[in-house]
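Listed below are the residues making up each chain.
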Number of protein chains: 4
Amino acid sequence: MTKNSKAQPRSRAEQTEARRKAILEAALEEFGLKGFAMTRMEDIAAKAGVGKGTVYLHFSDKETLFEEIIKAHLVPVFLNPEKAPAPHLAPRVRFEKIFRSFLKSFDNPKFIQILTLVITEMPRFPKLAEIYYQLVIERSIALIRDLMTQEPPTPASRAIAEFPHLLIAPVLTGTIWTLLFSAQKKLDMEKMLTVHLDILFPETSATTEVQCHE
Amino acid sequence: MTKNSKAQPRSRAEQTEARRKAILEAALEEFGLKGFAMTRMEDIAAKAGVGKGTVYLHFSDKETLFEEIIKAHLVPVFLNPEKAPAPHLAPRVRFEKIFRSFLKSFDNPKFIQILTLVITEMPRFPKLAEIYYQLVIERSIALIRDLMTQEPPTPASRAIAEFPHLLIAPVLTGTIWTLLFSAQKKLDMEKMLTVHLDILFPETSATTEVQCHE
Amino acid sequence: MTKNSKAQPRSRAEQTEARRKAILEAALEEFGLKGFAMTRMEDIAAKAGVGKGTVYLHFSDKETLFEEIIKAHLVPVFLNPEKAPAPHLAPRVRFEKIFRSFLKSFDNPKFIQILTLVITEMPRFPKLAEIYYQLVIERSIALIRDLMTQEPPTPASRAIAEFPHLLIAPVLTGTIWTLLFSAQKKLDMEKMLTVHLDILFPETSATTEVQCHE
Amino acid sequence: MTKNSKAQPRSRAEQTEARRKAILEAALEEFGLKGFAMTRMEDIAAKAGVGKGTVYLHFSDKETLFEEIIKAHLVPVFLNPEKAPAPHLAPRVRFEKIFRSFLKSFDNPKFIQILTLVITEMPRFPKLAEIYYQLVIERSIALIRDLMTQEPPTPASRAIAEFPHLLIAPVLTGTIWTLLFSAQKKLDMEKMLTVHLDILFPETSATTEVQCHE
DNA sequence: TATGAATGAGGTTTCATTCAT
DNA sequence: TATGAATGAAACCTCATTCAT
C-alpha cells in the first residue's frame, strides 16, 4: 500500500514537479475566484497543500505566478488541436463543430476560471493583453480568414473575411453572458449559435448536423 | 467673496452635495484606472479635494461607494434618452443611429471608465451583475424585441427577436476589443457595424444614411 | 489633575510632535541596543507607546528612520557649544576641559547609544559615514588644527597640527574600550587622558586643574 | 583521477576538513561584508561551494558558526608570532616593527574582514567581547607592559606601562579611520605612527630604521 | 460638518533550520 | 555524509476605518 492516494510519484523530482503543478492549479482557482488583488498567497499555498514558503521556491512573486498561470493555460484552453475539424467540410459545418467544441469547454471549470481571469484582469495587466493577443486572437483571426478566402465569395463570406469579429461576436457575447448573468437568466448558446450561422450561411441548413447532439 | 472659484454653491446643503459629486467623480476615475481592490480611499479623497474622513461621511465604506458609483453612472451612460431615435424610421436605420451614438460615447472618458469597471469587477460583485442586468440588459433586450416584432417577419428579424444578443454581439465585441487591444490593433467599429447591419438587413442599403457622417 | 504625567501637550500639533520625538527616542534606544538589522519596527512603536502604523506616518521606512536618528543626534551629542571652552586658556587646559566634558557625556545613555550606533553600523551605511565625517570629524579636526597653529611651535604641537588624530586617539580608544570591555575591566579614562596630555604638553602641569574634579 | 583540481585531499576525513575550512572562509567573507544579521546562510554555503544543509553538519547554527569564525581567526590575525621582533632591539624599534607589520596586514582582505566584524558585532555579542578580550587584549597589554618595564624609566615609559592604551591608541584610531573613512580621506598611517613614536620616545630618531622600508 | 493623525489587522516576502533522499 | 526542497515564524509595510479636534 502506498502513502499517496493518487498516482504515487516516487522520485523526488517528480514530487517537486507535482507540487509545482498543484500550486499552479490552486492559484488558478483562487485567482479565478477572487481576482489577482484579492487573492492571498497563503490561501493558494493552503489549497495546494504546501507551505507558504514553497510557493516562492517555484515563483518569484505573486505577479510572476499570475503570469505563469496565464501562459500555462492560454494555449491549451483556447487552441487545442481537436478544435480544428477536418478540412474537407463546408465552412459552416466546420465553424459549427468549432463552436460546439468551444461550448463543451464550459463544463470544464478551469476553462471558466482562465476565461474570467483573462477578461477581468487584462485591463490592469497590459502584458497579459499582449500575450493573449499574440497567442489567441491573432491565430484565431488568421484561421477564420484562411477558411473564408478558400470559399466562393458570398456577401457574408466577404464580410467575415474582412471582420472575423462578426463570426466570433456571438460566441464572445454568449461567453460573457454566461460568465456574468448565468444567475439571472440562462442563455441557450447552442441554439443561438445555430441561428447565427443560419444568418451568415443562409444557403446551408443547420439541421444537417443537429443529430450529433452531444 | 466666495471660496470656490467655479459655480459658487453658497448654501451648506449645496456645498455638501457638490462634495458628494466630486467624490463620486474621483472614485470613478480611480476605480476605473486601478480596479476596486487596488484603489486607495486616500487617493479618491485627494482627487476629490476632500479629507480622508469626509468620504466616510457620504459613503459608509469602500464597497458602498463602489456600488453607488455604478448605480449613479449606469443609466446615464448606457441608456440616455437621446439614444432612442424617432420611431418612424426603419429598424435598420434606428439601430444604426443607436450604434453610432454608442460609438460616440467612446470619446467620453467616463464612459470608458464605467465600462471597464462593469466588465472587470462584475464577476466579484454579484450584486453589481444584478443591478446591471436589471438596469441595462433587460431594458435593452426589451427594446430590441419591441422594435423587431413591429416589423414584417424576415428570417433575420425573427432571429433577432429570439436572440437580441445577435444584434448587439458585434457592439460588445468591438467594445471589448477597444478596451483591451487598442494598443495592439485598432478596429474600425463604424465600418464593422455597417457590415453587420448589411448582413442582418440585406434588403436595405447602408448608404441611405451614410451622409449623416457627423 | 491632567492625564499626561509630564508637560501636558494640549494642542494636536504638539501631541503629534511629541509622538515624533517619542518615536525617535525609542528608535535610538532599540537600534542602540540591538543594531539596525535586529531591531523590529514593532518594538520601536511599542516602546514609543504608539501604534505600528504611526511610525510610518513620520518616517517612510526603517532606513529613513535610522538616518533621521543619526542626523538628529549627531551634532547635539558630539559638538554641543558648551564644549568649546574660553579662548584665553592655554591649549592643554582647553583640551582638558573638552575631554572632561566629553567624559561626562558617558553618563548620558543617549550618548552611549548613538556612539554605539555610529561605530557599529557605519561600515554597512556609507551614507552614515559620509554624514558623520562632515558633521563631526571634519569640524573636530579643523578645530584642533586651529587651536594648535595659534600656539608657539613645539614638537608636539607641530605633530598634532599635522595629525590631529594623535590628540584624539586615546579618547577614541578609551571610548571603544568602555563600550566593549566595561564588563571585563574598567578604565580610568580621566587619569589616562591626563597622562596623555602630560606627554603631549610636558611643560605644563596637569595638577593645575585637577581640583575641579567633577 | 581525482575530483578536486587543487591539492587533492583523497581521504574522507581530509575532504570533510577541507569543507569545514571552506565554510569558515566563506562565512568570514560574507559576515565581514554584510554583518551578522544581514548575512544569509545560503550565501555562505554557495560561496563555500557546498549545499545549504552541509553547513549545519559542521556548525549547529548561525551564531555558533559566527563564534567559530572569530575564534578561528582572532589569534592568527592579531597575534601571529612573526610580529614579535627580536628582543635585543630598543623598545621604540620593536614597536615600530610591530606597527609596520600590523600595517602590512591591511593588504590582507581577511584582516579587514575580521577587524570589521570584531568592531561592529562586539556590542551585540558579549561572548565575543569576552573572547576577544582574553585572546587579544590581555596578551597585548601584558606584552607592552613587559617590554616597558624592562626599560629605564622615562616619563613616557612610565605612562605607557600604566596605560598601554596610549601606545596603541593611534593604531586603533588609524585602523578605524581606514575602515570607515577611506572613501572620504586617506590617512598616512605609517607617517602618523612614526610621529607618534617620536613623541613617546623623543630621545631616539625615527630615521634609524627607515631604510627597511618594505 | 470636515479633517487627517492614529490604529492594527492583514498582506507579501525572507530565511534559518529540518529532513527525506 | 551531503543535499536542497520544504517549512513557517517573523519582519516590513499598507490601508480601510475611526475619532478627537
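None of the values given here were measured: they were computed from a predicted structure.

### Side note on the overall build of chain A
Then, in step 1: When helices and strands are counted, chain A shows 10 helices and 0 strands.
Then, in step 2: The buried share of chain A, reckoned over its 214 residues, is 31%.
Then, in step 3: Sequence-distant contacts in chain A: of pairs separated by 6 or more residues, those separated by 24 or more amount to 54%.

### Looking at the protein's contact with DNA strand E
Then, in step 1: Surrounding DNA strand E, one finds 35 residues, the nearest of these being Gly51 and Gly53 of chain B together with Gly51, Gly53 and Thr54 of chain C.
Then, in step 2: Of all the elements in the fold, those that place two or more residues in the surface near DNA strand E are α2 (41-48) and α3 (52-58) of chain A, α1 (12-34) and α3 (52-58) of chain B, α1 (12-34) and α3 (52-58) of chain C together with α2 (41-48) and α3 (52-58) of chain D.
Then, in step 3: Tallied by class, residues from the surface near DNA strand E come to 8 nonpolar, 12 polar and 15 charged.

### Here we look at the relation of the copies chain B and chain A
Then, in step 1: Of the transformation placing chain B onto chain A, the axial shift is 0.0 Å and the rotation is 179 degrees, giving an RMSD of 0.3 Å. Within this description, the copies of the chain are treated as partners about a two-fold rotation axis. Judged by C-alpha distance, Thr120 of chain B is the residue of chain B that lies nearest the rotation axis, at 1.9 Å.
Then, in step 2: Residue by residue, 100% of the interface of chain B is reproduced at the interface of chain A, so both copies engage with the same surface.

### Describing the domain arrangement of chain A
Residues and elements named next belong to chain A.
Then, in step 1: As assigned here, chain A comprises domain 1 (1-59) and domain 2 (74-209).
Then, in step 2: Contact with domain 1, which involves 6 residues of that partner, is made by 7 residues of domain 2.
Then, in step 3: A per-class count over the side of domain 1 that touches domain 2 returns 3 nonpolar, 2 polar and 1 charged.

### Some thoughts on the interface of chain B and chain A
Then, in step 1: Between chain B and chain A, the residue contacts involve 40 residues of the former and 40 residues of the latter.
Then, in step 2: Those elements that place two or more of their residues in the side of chain B that touches chain A are α6 (109-121), α7 (126-149), α8 (155-162), α9 (165-181) and α10 (189-200) of chain B.
Then, in step 3: Per-element accounting of the side of chain B that touches chain A gives the leading share, 13 residues, to α9 of chain B.
Then, in step 4: Per-class residue counts for the side of chain B that touches chain A are 28 nonpolar, 8 polar and 4 charged.

### Structural notes on the relation of the copies chain C and chain D
Then, in step 1: Take chain C, turn it by 179 degrees, move it 0.0 Å along the axis, and it overlays chain D with an RMSD of 0.3 Å.
Then, in step 2: An overlap of 100% is found between the interface residues of chain C and their copies at the interface of chain D, pointing to a shared contact surface.

### Quick word on the protein's contact with DNA strand F
Then, in step 1: In the neighbourhood of DNA strand F, 35 residues make up the surrounding shell, with Gly51, Gly53 and Thr54 of chain A together with Gly51 and Gly53 of chain D lying closest.
Then, in step 2: Where the surface near DNA strand F is concerned, the elements lending two or more residues are α1 (12-38) and α3 of chain A, α2 (41-48) and α3 of chain B, α2 (41-48) and α3 of chain C together with α1 (12-38) and α3 of chain D.
Then, in step 3: Considered class by class, the residues forming the surface near DNA strand F number 8 nonpolar, 12 polar and 15 charged.

### A few points about the interface of chain C and chain D
Interface size is often expressed as the accessible area that is lost when the parts come together.
Then, in step 1: The partner chain D presents 40 residues to the 40 residues of chain C that form the contact.
Then, in step 2: Listing elements by their share of the side of chain C that touches chain D, those giving two or more residues are α6 (109-121), α7 (126-149), α8 (155-162), α9 (165-181) and α10 (189-200) of chain C.
Then, in step 3: The class makeup of the residues in the side of chain C that touches chain D is 28 nonpolar, 8 polar and 4 charged.

Quick notes on the rules
- Residues numbered from 1 in each chain as written.
- Chains lettered and ligands numbered in written order.
- Predicted model: local features only at pLDDT ≥ 70, side-chain atom pairs only at ≥ 80, totals over all residues.
- Helix = DSSP H or I, 4+ residues; strand = E, 2+ residues; numbered from the N terminus.
- Buried ≥ 20, exposed ≤ 12 C-beta atoms within 10 Å, placed from the backbone.
- Contact = placed C-beta atoms within 7 Å.
- Near = placed C-beta within 6 Å.
- Nonpolar A, V, L, I, M, F, W, Y, C, P; charged D, E, K, R; others polar.
- Least-squares fit on C-alpha atoms with pLDDT ≥ 70 in both.
- Domains from an automatic or database assignment.

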